[in-house]
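Residue strings, one per chain:
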Amino acid sequence: MTRSNDLDLVAPDDVIENKMEETRNEKLETPTDTVKTANLKEKIYGIVGHTKHPLSSLLVNPHVFNFEEKDDAEKIILVARPHWITNLSWILITVLLIIGPSLLKFVPLIGEMPAKLQMISIFAWYMITFAFAFEKFLSWYFDVYIITDERVIDINFNNLLDKKFSETKLSMIQDITSRVSGMGQTIFNYGNVYIQTAAEIPEITFEMVPNPEKIIKVLQVMREEEEKEILEGRVR
Amino acid sequence: MMFGNLNNYLLIAVKICGILGTLIYLIFSLVIVKQVSTMSKNVKDKFNGVLIAFSYIHLMAAVLLVFLALTIL
């Protein structure tokens, strides 16, 4: 929303309709921009490759994916989730919990419990096992890092009452570093990407994401594109 | 005689604990339903529908668990 520069003519809070902004938004849909967007998509596909599975940790130019805070004109370039291997610990625990009741008959006291009580206990056990696995899956599935043509976003849900949303403009990115440490991370090539910004949030971290070097390349391409847009005066 | 009474008390305690436990679990499963729908509103993806369906199946199973606790225990 733009306000008048000439304060002698209008009151300070009068909103001046910005015709330039409207024209600029209309310009976004020109054929040249469509070609540029297509070229950019090809570049990103060239770096990351095509998404082969909907539950993949890296979604390139996703068609279905969306988020609440997205602007209408904004395009999602890349969505990253933590590497699937980070789920291994809770999957193993779930498997142990599943086979748990079959071992209970070897426990003398529980083996003597009434059959009905045993049945309801086993049913409750499997319910809790399901809830445990489901919660872990949810926290992986909804823990997303998004790179759009305008911003870098981190959406994180710790529980129902705790949603963390961090974002920074691509033009505000100052420094990007990645860290792959430990045997597991080196073997499966995943790690953290630290994005330092000049914004209020000093750092956004993409945690345990696969192929950190590819994500850095994507960010570099997006920053270059953003710089070009600034130079050409196409910034939204 | 004394052990018989103790057994009865123990069974009653198990029953009360079981019913209370299943009721708390029912509340927890309601929280999961709410959690999934809130998350799905914020982040939309292909599997959201499946996850919402799972949360409701889990809720129905929790209702069944309360019913079982009330009737069987």
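Refer to the structure printed above.
Below you will find a few notes about this structure.

1. Here we look at the overall build of chain B
Now for step 1: On a plain count of helices and strands, chain B comes out with two helices and one strand.
Now for step 2: Against the globule reference of 11 Å for 73 residues, chain B gives a C-alpha radius of gyration of 18 Å, more extended than a compact globule.
Now for step 3: Per-residue burial over chain B gives 36% buried out of 73 residues.
Now for step 4: Counting contacts in chain B only where the partners sit at least 6 residues apart, residues at least 24 apart contribute 75% of the total.
Now for step 5: Surface accessibility of chain B: about 4500 Å² in total, with carbon and sulfur atoms responsible for 81%.

2. Topic: a nonpolar patch on the surface
All names here are of chain A.
Now for step 1: On the surface, L96, I98, I99, W125 and Y126 cluster together into a nonpolar patch covering about 470 Å² of accessible area.
Now for step 2: Mapped by element, the contributors of at least two residues to the nonpolar patch are helix 3 (88–103) and helix 5 (115–141).
Now for step 3: Looking at the nonpolar patch, the element that brings in the most residues is helix 3, giving three residues.
Now for step 4: Take I98: it is sitting in helix 3.

3. What about the sheet that holds strand 8 (residues 190–197) of chain A?
All names here are of chain A.
Now for step 1: Reading across the sheet, the three strands line up as 7-8-9 and stay open at both edges, with antiparallel pairing between neighbours. Every interior strand has two partners, whereas the edge strands, strand 7 (173–179) and strand 9 (203–210), have only one. Each strand of the sheet is rotated relative to its neighbour by a mean of 15°, with strand direction disregarded.
Now for step 2: As judged from the six bridges shared by strand 8 and strand 9, these two strands associate in the antiparallel manner. The residue of strand 9 that forms the bridge with V193 is F206.
Now for step 3: Here helix 7 (residues 212–232) sits on the sheet in contact with strand 7, strand 8 and strand 9, set at roughly 165° to strand 7.

4. With respect to the sheet that holds strand 6 (residues 162–169) of chain A
Residues and elements named next belong to chain A.
Now for step 1: A sheet is described by the order of its strands in space; here five strands give the open sequence 1-3-4-5-6, paired in antiparallel fashion. At either end of the open sheet lies a strand with only one pairing partner, and these are strand 1 (58–60) and strand 6. Across the sheet, the axes of successive neighbouring strands diverge by a mean angle of 15°, strand direction being ignored.
Now for step 2: With four bridges joining them, strand 4 (residues 144–148) and strand 5 (residues 151–159) adopt antiparallel strand pairing. Bridge assignment links I147 to a residue of strand 5, and that residue is V152.

5. Remarks on the interface of chain A and chain B
Now for step 1: Facing the 32 residues of chain A at the interface are 31 residues of chain B.
Now for step 2: Overall, the association of chain A and chain B removes approximately 2900 Å² of surface from exposure, summing both partners, and the carbon and sulfur fraction of that is 80%.
Now for step 3: If you look at where chain A meets chain B, you find one salt bridge.
Now for step 4: The partner of D45(B) in a salt bridge is R81(A), with the nearest N and O atoms 2.9 Å apart.

6. Some details on the packing of aromatic side chains
All names here are of chain A.
Now for step 1: For the structure shown, the criterion picks out ten aromatic pairs over all chains.
Now for step 2: Summarising the aromatic geometry, the rings of W84 and F188 are spaced 6.1 Å apart at their centres and angled 75° between planes, so their arrangement reads as edge-to-face. Of the two residues, W84 sits in the loop between strand 3 (76–80) and helix 3 while F188 sits in helix 6 (residues 183–188), which places them 104 residues apart along the sequence.
Now for step 3: With relative accessibility at 49%, the residue W84 sits in the partly exposed group.
Now for step 4: Residue F188 is classed as partly exposed on the basis of its relative accessible area, which comes to 36%.
Now for step 5: Judged by centre distance (5.3 Å) and plane angle (15°), the ring pair of F130 and F134 falls under stacked.

So, how was this worked out
Residues numbered from 1 in each chain as written. Chains lettered and ligands numbered in written order. Predicted model: local features only at pLDDT ≥ 70, side-chain atom pairs only at ≥ 80, totals over all residues. Heavy atoms only, no water. Helix = DSSP H or I, 4+ residues; strand = E, 2+ residues; numbered from the N terminus. Rg over C-alpha atoms; globule rule 2.2 N^0.38 Å. Buried < 20%, exposed > 50% of the residue type's maximum accessible area, 1.4 Å probe, protein only. Contact = heavy atoms within 4.5 Å. Areas by Shrake-Rupley, 256 points an atom, 1.4 Å probe, with all protein chains shown as cover. Patch = residues over 30% accessible without salt bridge, like charges linked within 9 Å, V, L, I, M, F, W, Y side chains within 5 Å. Salt bridge = Lys/Arg side-chain N within 4 Å of Asp/Glu carboxyl O. Pairing = 2+ DSSP bridges. Axes fitted to C-alpha atoms, helices over the stretch in contact; angles between N-to-C directions. Buried area = accessible area lost by both parts, 1.4 Å probe. Phe/Tyr/Trp six-rings, centres within 6.5 Å; stacked < 30°, edge-to-face > 60°.

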